[in-house]
Amino acid sequence: MGFFEVPASALRRARLADELPVETPAVFEQLSGQVLALPDPGELTAEQRLGAVQAAARLQTMLEAYQTQVAGVCDAQQDSRVFAAGTTGSMVAALTGQNRAVGSAIVGRARDLRGMPHVADAYRAGEITGRHVHLLCRAAGRLPRFAVLEADLVAAAAVIEPAVLAQVLAVLVAQDRPEAPDEDYRAARAKRGLHISDLGNGLYRVDGHLDQVAGARLRDALACFTDPPAVGDDRTPSQRLA
């Protein structure tokens, strides 16, 4: 039987989750039972399946928003100090089975939403997704008129996909702060880097970030050494690149 080594940080989070005095409100047991009692999709009509997909997505967002809200109250009440659980982000990560970065992001979102009532309300109602919220939170710190525009931006977010919302917000930020595109460009340039690591098992790992020019050059260079798809070749595009 094979074996593997679990990272020490993951073990610490698992131990923390076991040690925390968790008491689950009864309503969650009821919700779990109701979810398990949802109808078999195969027994639904086509129209009902459409409705089920849509309703499930909205409920998923509502639960995500509630989790964020609870994490925010934990942060405000300093629950992690009460239970000697490190930061609130670390505690949330342990409770949700995520890494610390994810836990901290949940807490960070909750903090942002304290000053964004329209966004918070729409999120809790499942009218906008977590991705919409992420974009709106990011724009709030870059758009001087955000408080004035918040209600209208939320109304727009409720009917457009996140990618379109990102474009709208980028235009608004550029209008209010003409220097913003240059700042974004410099920030993107600062993230550039390429890492090639010998894994010691016969493989190399390549990862990193390139700007548009360097990325295009690398893509074109690799294309010269990449075999085109052929009959019987079941390799993926990424495997052909390698």
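Criteria and thresholds
- Residues numbered from 1 in each chain as written.
- Predicted model: local features only at pLDDT ≥ 70, side-chain atom pairs only at ≥ 80, totals over all residues.
- Heavy atoms only, no water.
- Helix = DSSP H or I, 4+ residues; strand = E, 2+ residues; numbered from the N terminus.
- Rg over C-alpha atoms; globule rule 2.2 N^0.38 Å.
- Buried < 20%, exposed > 50% of the residue type's maximum accessible area, 1.4 Å probe, protein only.
- Contact = heavy atoms within 4.5 Å.
- Areas by Shrake-Rupley, 256 points an atom, 1.4 Å probe, with all protein chains shown as cover.
- Lys, Arg positive; Asp, Glu negative; His and termini not counted.
- Charge placed at Lys NZ, Arg CZ, Asp CG, Glu CD.
- pLDDT = per-residue confidence, 0-100.
- Pairing = 2+ DSSP bridges.
- Expected span 1.5 Å × (residues − 1).
- Disulfide = S-S within 2.5 Å.

**Some details on the overall build of the protein**
A count of helices and strands for the protein gives 13 helices and 2 strands. Radius of gyration (C-alpha) of the protein: 23 Å, far over the 18 Å computed for a compact globule of 242 residues. Expressed as lengths along the three principal axes of its C-alpha atoms, the size of the protein is roughly 60 × 60 × 50 Å. In the protein, buried positions account for 23% of the 242 residues. Taking the contacts inside the protein whose residues are at least 6 apart along the sequence as the reference set, 52% of them involve residues at least 24 apart. Accessible surface for the protein amounts to roughly 17200 Å². Of this, 57% is attributable to carbon and sulfur atoms. Across the protein, 25 positive and 29 negative side-chain charges occur, with their mean positions spaced 7 Å apart.

**Brief notes about the environment of Leu 11**
Residue position: Leu 11 is located in helix H1 (residues 8-19). With relative accessibility at 37%, the residue Leu 11 sits in the partly exposed group. Taking the C-alpha atoms as reference, Leu 11 lies 37 Å from Arg 240; in sequence the two are 229 residues apart.

**Re the confidence of the model for the protein**
For the protein, per-residue confidence averages 89 on the pLDDT scale, and residues scoring 70 or more make up 95% of the total. Per-element confidence in the protein ranges from a low mean pLDDT of 68 for helix H11 (residues 180-190) to a high of 98 for helix H7 (residues 117-124).

**Section: unusual backbone geometry**
Of note in the backbone geometry, Gln 78 takes a positive phi value of approximately 55° without being a glycine. Looking at the secondary structure, you find Gln 78 in the loop between helix H3 (46-76) and helix H4 (79-82). We classify Gln 78 as partly exposed; its relative accessible area is 39%. Unusually for a residue other than glycine, Ala 84 sits at a positive phi of about 50°. As for its placement among the helices and strands, Ala 84 is situated in the loop between H4 and helix H5 (88-96). Take Ala 84: its relative accessible area is 68%, and that puts it in the exposed class.

**Considerations on the pairing of strand S2 (residues 204-209)**
Regular strands have side chains that alternate between both faces of the sheet. In terms of burial, S2 is a largely surface element, 0 of the 6 residues being buried. Judged from the 6 bridges that link them, strand S1 (residues 193-198) and S2 form a sheet pairing that is antiparallel. Pairing of Ile 196 across the sheet is with Val 206, part of S2.

**Quick notes on H3**
Between its first and last C-alpha atoms H3 spans 46 Å; for 31 residues at 1.5 Å apiece the expected length is 45 Å, and the two agree. Here H3 has its buried residues at Thr 61, Ala 65, Thr 68, Ala 71, Gly 72, Cys 74 and Asp 75. On the buried face of H3, the contacting elements are H4, H5, helix H6 (100-113) and H7.

**Quick word on the side chain of Ser 80**
Checked against the element boundaries, Ser 80 lands in helix H4. Overall, the relative accessible area of 5% leaves Ser 80 in the buried class. In this view, Ser 80 contacts Ala 85, Gly 86, Thr 87, Thr 88 and Met 91; residues no more than four positions away in its chain are not counted.

**Considerations on the state of the cysteines**
Enumeration over the complete set of coordinates arrives at 0 disulfides. In this structure Cys 74 is a free cysteine whose sulfur lies 18 Å from that of Cys 137, the closest cysteine sulfur available. For Cys 74, a relative accessible area of 15% puts it in the buried group. Owing to a relative accessible area of 11%, Cys 137 belongs among the buried residues under this scheme.

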